[in-house]
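# Architecture at a glance
Residue strings, one per chain:
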Amino acid sequence: MTTPRRVTVTECPGGPLLIRGADEVVGIDGTAAPVERAVVALCRCGRSDRLPWCDDSHRDRRRRRTS
Ligand code: FES
């Protein structure tokens, strides 16, 4: 029996969820995206052009709110 892999999720205030240790991420449409990095960032704001991944578009939203 293999030891289960530990996956952690870290919330970034106003930004993405950082996922550590995952093999894949399954999107809302059921499509599985393979994870090839130790840490990936999942978009929570819905503005990314590369969903489900964060592309830093959430930063633009923050700037607009403060101006
Ligand atoms: S959380 Fe970064 S683009 Fe959505």
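Residues numbered from 1 in each chain as written. Predicted model: local features only at pLDDT ≥ 70, side-chain atom pairs only at ≥ 80, totals over all residues. Heavy atoms only, no water.

As annotated in an unreviewed UniProt entry, the chain is CDGSH iron-sulfur domain-containing protein from Nocardioides humi.

## Observations regarding the pattern of salt bridges
By the definition in use, this model includes three salt bridges. The salt bridge partner of aspartate 23 is arginine 5, with a shortest N-O separation of 2.1 Å. Note that aspartate 23 is positioned in the loop between β2 (17–20) and β3 (24–26) and arginine 5 in the segment before β1 (8–11), a separation of 18 residues in sequence. Summarising the burial analysis for this pair, aspartate 23 and arginine 5 share the class exposed. Note that arginine 59 and aspartate 56 form a salt bridge whose closest N and O atoms lie 3.5 Å from each other. Of the residues examined, arginine 59 reaches a relative accessible area of 43% and is grouped as partly exposed. (Salt bridge = Lys/Arg side-chain N within 4 Å of Asp/Glu carboxyl O. Helix = DSSP H or I, 4+ residues; strand = E, 2+ residues; numbered from the N terminus. Buried < 20%, exposed > 50% of the residue type's maximum accessible area, 1.4 Å probe, protein only.)

## Side note on the sheet that holds β1
Spatial strand order, β1-β2-β5: three strands in an open sheet with antiparallel pairing. The open sheet terminates on both sides in strands that have one partner only, identified here as β1 and β5 (39–42). Sheet twist, expressed as the average angle between the axes of neighbouring strands with direction ignored, equals 25°. Bridge count for β2 against β5 is four bridges, and the pairing is antiparallel. Considered in β5, the bridge of arginine 20 is made with valine 39. (Pairing = 2+ DSSP bridges. Axes fitted to C-alpha atoms, helices over the stretch in contact; angles between N-to-C directions.)

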